[in-house]
Amino acid sequence: MITASERLSKDSNFQIYFHLENKKLYCKFCNHVVEHEHKSVVKVHINLPTYLKKKREVEAGIKALQITISNIY
Ligand SMILES: [Zn+2]
């Protein structure tokens, strides 16, 4: 059995999408726990239309935030 932190450390891409919460893999974009024991489940998750939509929204939000900050300074 693999722990969530091992799953994260094995794939640097996953570190962008997930963080650890109570030893579980927590999706930053959907704000929910993703089953981490099977890599295929994680891979399926990051290709879900709902996930990709949220990711786009977050990334758009981050871009908007960066533009706002650079306007201030
Ligand atoms: Zn998600």
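Residues numbered from 1 in each chain as written. Predicted model: local features only at pLDDT ≥ 70, side-chain atom pairs only at ≥ 80, totals over all residues.

A. Structural context of the overall build of the chain. When helices and strands are counted, the chain shows 4 helices and 3 strands. From first element to last, N terminus to C terminus, the chain shows the α and β order α-α-β-β-β-α-α. A total of 73 residues make up the chain; the buried ones form 16% of that total. For the chain, long-range pairs separated by at least 24 residues make up 22% of all intrachain contacts whose partners lie at least 6 apart in sequence. (Helix = DSSP H or I, 4+ residues; strand = E, 2+ residues; numbered from the N terminus. Buried ≥ 20, exposed ≤ 12 C-beta atoms within 10 Å, placed from the backbone. Contact = placed C-beta atoms within 7 Å.)

B. Focus on the pairing of strand 1 (residues 18-21). Alignment of strand 1 against strand 2 (residues 24-27), held across 4 bridges, turns out to be antiparallel. What sits directly across from Leu20, in strand 2, is Leu25. Hairpin connection from strand 1 to strand 2: 2 residues lie between these consecutive antiparallel strands, with Asn22 at a positive phi of about 50°. (Pairing = 2+ DSSP bridges.)

C. Broad picture of the nonpolar core. Ranked by size, the top nonpolar core spans 9 residues in total: Ala4, Phe14, Tyr17, Phe18, Leu25, Cys27, Phe29, Val34 and Val42. Listing elements by their share of this core, those giving two or more residues are helix 2 (12-17) and strand 2. (Core = buried A, V, L, I, M, F, W, Y, C linked by C-beta atoms within 7 Å.)

D. A look at the sheet that holds strand 1. On the basis of which strands lie adjacent, the open sheet formed by 3 strands has the order 1-2-3 and antiparallel pairing. At either margin of the open sheet sits one strand with a lone partner, and together these are strand 1 and strand 3 (32-34). Ignoring strand direction, the axes of neighbouring strands in this sheet form an average angle of 50°. (Axes fitted to C-alpha atoms, helices over the stretch in contact; angles between N-to-C directions.)

E. Structural detail: the pairing of strand 2. The alternating pattern of strand 2 places Leu25 and Cys27 on a buried face and Lys24 and Tyr26 on a face that is not buried. Where strand 2 meets strand 3, 3 bridges bridge the pair, whose relative direction is antiparallel. The partner of Cys27 across the bridge, within strand 3, is His32. The hairpin formed by strand 2 and strand 3 contains 4 residues between the paired strands, and Asn31 there has a positive phi angle of roughly 55°.

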